[in-house]
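Structural overview for review
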Amino acid sequence: MSEAFPAIQNGVFQVPAVATIREASRLREALIEALGRGGRAVVDCSKVELADLSLVQLIIAARRAAERDGQELRVIIPSSGVVAEVIRDNGVKSAFDGVLT
């Protein structure tokens, strides 16, 4: 059974510990909800323990959508974490310049 997705609180979506292709549809919906609230949204990847390229692709798409729509989307990705490792291993680090914390 997959981990339950937490509600978006105060504009912050805490990405669950497992963020892989199996959860991609739910991750996508949560990102759409976060952006749909307008204003500023935050995607916090600090608690992710298992991730794959699908999460990274969704974040890139969400950032592009936010930019297109004039919204602010802040992404928190610890530089020593699993998500940062996926970013580096898949050669998409340039898409996250200034994001890795």
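The structure under discussion appears in the preceding block.
Another point: the overall build of the chain. Of the regular secondary structure elements, the chain holds 3 helices and 5 strands. The C-alpha atoms of the chain give a radius of gyration of 12 Å, which matches the 13 Å a tight globule of 101 residues would have. Its C-alpha atoms give the chain principal-axis dimensions of about 35 × 30 × 20 Å. Evaluated residue by residue, the chain yields a buried proportion of 43% over its 101 residues. By sequence separation, contacts in the chain at least 24 residues apart represent 69% of the contacts at least 6 residues apart.

The next point concerns the environment of A84. Following the sequence through the fold, A84 ends up in helix α3 (residues 82-89). C-alpha of A84 to C-alpha of L100: the two residues are 16 residues apart in sequence and 7.0 Å apart in space.

Next up on the list: the pairing of strand β3 (residues 40-44). Judged by how many residues are buried, β3 sits mostly within the fold: 4 of 5 residues are covered. In this sheet, strand β5 (residues 72-76) lies alongside β3 in parallel orientation, the contact comprising 5 bridges. The residue bridging R40 from the neighbouring strand is E72, located in β5.

The biggest cluster of nonpolar side chains holds 32 residues, and the ones touching the most others in it are V15, I77 and V83. Contributing elements (two or more residues each) for this core: α1 (24-36), β3, α2 (53-68), β5 and α3.

Conventions used here
Sequence order as written defines residue numbering, which begins from 1 separately in each chain. With the structure being a predicted model, the display of local features is reserved for residues of pLDDT at least 70 and the display and counting of side-chain atom pairs for 80 or more, all residues being used for whole-chain, interface and lining totals. Just so you know, side-chain values use all the structure's heavy atoms and leave hydrogens and water out. Numbering of helices and strands runs from the N terminus, with a helix taken as a DSSP run of H or I at least four residues long and a strand as a DSSP run of E at least two residues long. Radius of gyration means the value over C-alpha atoms here, while the globule rule gives 2.2 Å times the residue count to the 0.38 power. Relative accessibility under 20% of the residue-type maximum defines a buried residue, over 50% an exposed one, and the middle range a partly exposed one, all with a 1.4 Å probe and only protein chains included. By the convention used here, residues are in contact when the closest approach between their heavy atoms is within 4.5 Å. Pairing between strands is defined by DSSP: at least two bridges between the two strands are required. Nine residue types can take part in a nonpolar core, namely buried Ala, Val, Leu, Ile, Met, Phe, Trp, Tyr and Cys, and a core is a set of them joined through side-chain atoms within 4.5 Å.

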